[in-house]
Amino acid sequence: MRRLEIPFLDTDGVQEVEQISQLMDALKTTPIDCNPWPAYQANADAKFSMAHNGQSILLKYVIAEKYLLANEVTNGNIHNDSCVELFIAFDEHGYYNLEFNCLGFTKIGYGTGRHGRRLLPVDVIKQLSFSSKINSNSTINSNTGFDWEIMLVIPKAIFTKHQITSFNNLKAKGNFYKCGDGLPQPHFLTWNMIEAEKPDFHRKEFFGELEFS
């Protein structure tokens, strides 16, 4: 099981998401480099950096892939698009799935497993801030693909099933994903390895450890 230490990042006086994104560039990046289902191969590379400022999770994904798709809207089937995801659990009961496409459209749900999940209301999701950038000349495939990144500021109020007062010294479990079910090259990349016969991100038993400083 992988373990991730999530540093504190002082963002006092920093208002714009783009400015926070620049601060995040000084942090170490972590690859999403496991392919539990090798039958699905794609020209895709994914990494992320993560921090917190006490009141919000700061999460930045940097992606390179051959194809780009963004058809879905908030609480739609975001996993069909060029998509990055964070699944996170703060206790042994349920977990949140946060899914983002390359344009920043978001799906957030909560539940104990794949079935019976409850989506967060759109007005709650709108408390999340983001910025995204897309470059049509990718470095991954001889300039025939896309580089894109998304910076997310996820306030504690998003986690409506928990009364989080601060992320300081919090312990959690989770996994990070890059997928694109509806792309010409579907793929299902993970941070922590999953052991399952077919693609299934809803496997809490394979969440890694997340430790907020």
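Structure's up top.
These notes cover the structure that comes with them. (Residues numbered from 1 in each chain as written. Predicted model: local features only at pLDDT ≥ 70, side-chain atom pairs only at ≥ 80, totals over all residues. Heavy atoms only, no water.)

1. Points about the overall build of the chain
Assigned secondary structure in the chain consists of two helices and 13 strands. Its C-alpha radius of gyration of 16 Å places the chain within 12% of the 17 Å reference for a compact globule of 213 residues. By principal-axis analysis of the C-alpha atoms, the chain measures approximately 45 × 40 × 30 Å. Within the chain, buried positions represent 50% of all 213 residues. Within the chain, contacts between residues separated by at least 24 positions form 63% of all contacts whose residues are at least 6 apart in sequence. Accessible surface for the chain amounts to roughly 10,000 Å². Of this, 46% is attributable to carbon and sulfur atoms. Looking at charge distribution, the chain has the averaged site of its 20 positive side-chain charges lying 4 Å from that of its 25 negative ones. (Helix = DSSP H or I, 4+ residues; strand = E, 2+ residues; numbered from the N terminus. Rg over C-alpha atoms; globule rule 2.2 N^0.38 Å. Buried < 20%, exposed > 50% of the residue type's maximum accessible area, 1.4 Å probe, protein only. Contact = heavy atoms within 4.5 Å. Areas by Shrake-Rupley, 256 points an atom, 1.4 Å probe, with all protein chains shown as cover. Lys, Arg positive; Asp, Glu negative; His and termini not counted. Charge placed at Lys NZ, Arg CZ, Asp CG, Glu CD.)

2. Structural notes on the nonpolar core
If you look at the biggest cluster of nonpolar residues, it comprises 39 residues, and the most contacted ones within it are Leu59, Tyr61, Ile88, Leu98, Ile154, Phe159 and Phe176. If sequence neighbours within four positions are ignored, Leu98 has contacts with Val84, Glu85, Leu86, Phe87, Ile88, Lys107, Ile108, Ile154, Ile158 and Phe159. The next biggest cluster of nonpolar side chains, apart from the first, holds 14 residues, and it includes Phe87, Ala89, Tyr177 and Phe206. (Core = buried A, V, L, I, M, F, W, Y, C linked by side-chain atoms within 4.5 Å.)

3. Focus on the pattern of salt bridges
One pass over the full model with this rule turns up nine salt bridges. Between Arg2 and Asp33 there is a salt bridge, with its nearest N and O atoms 3.0 Å apart. Taken together, the positions of Arg2 in the segment before β1 (3–6) and Asp33 in the loop between β2 (30–31) and β3 (44–52) put the pair 31 residues apart, joining distant regions of the chain. Salt-bridge contacts for Lys171 lead to Glu211; the nearest nitrogen and oxygen are separated by 3.7 Å. With Lys171 in strand β11 (residues 171–179) and Glu211 in strand β13 (residues 208–212), this pair connects stretches of sequence that are 40 residues apart. When its relative accessible area of 23% is taken as the criterion, Glu211 is described as partly exposed. Through salt bridges with shared partners, one network takes in Arg3, Glu5, Lys171 and Glu211. (Salt bridge = Lys/Arg side-chain N within 4 Å of Asp/Glu carboxyl O.)

4. Section: the layout of surface pockets
Of the voids in this model, the largest pocket is the one considered here, and its volume is about 370 Å³. What lines the largest pocket is a set of 17 residues, among which His79, Glu99, Lys107, Arg114 and His202 lie closest to the centre. Among the elements of the structure, β5 (83–89), β6 (95–101) and β7 (106–111) are those that each provide at least two residues to the lining of the largest pocket. For the lining of the largest pocket, the per-class residue count stands at six nonpolar, four polar and seven charged. Computed from the structure, the second largest pocket encloses a volume of approximately 150 Å³. Around the second largest pocket, the lining residues are Thr74, Leu103, Gly104, Phe105, Thr106, Val122, Ile125, Lys126, Leu128 and Phe130. Across the lining of the second largest pocket, the residue classes tally to six nonpolar, three polar and one charged. (1 Å grid on protein atoms, 1.4 Å probe; cavity = no way out; pocket = protein on both sides within 12 Å on 5 of 7 lines; lining within 4 Å. Points joined across faces, edges and corners; volume = space filled by probe spheres on them. Nonpolar A, V, L, I, M, F, W, Y, C, P; charged D, E, K, R; others polar.)

5. Examining empty space enclosed by the protein
Counted by the stated rule, this structure contains one cavity of 30 Å³ or more. In this structure, the largest cavity occupies an estimated 30 Å³ of space. What lines the largest cavity is simply Ala42, Asn43, Ala44, Glu65, Lys66, Tyr67, Leu183, Gln185 and His187. Class assignment of the residues belonging to the lining of the largest cavity gives a composition of four nonpolar, three polar and two charged.

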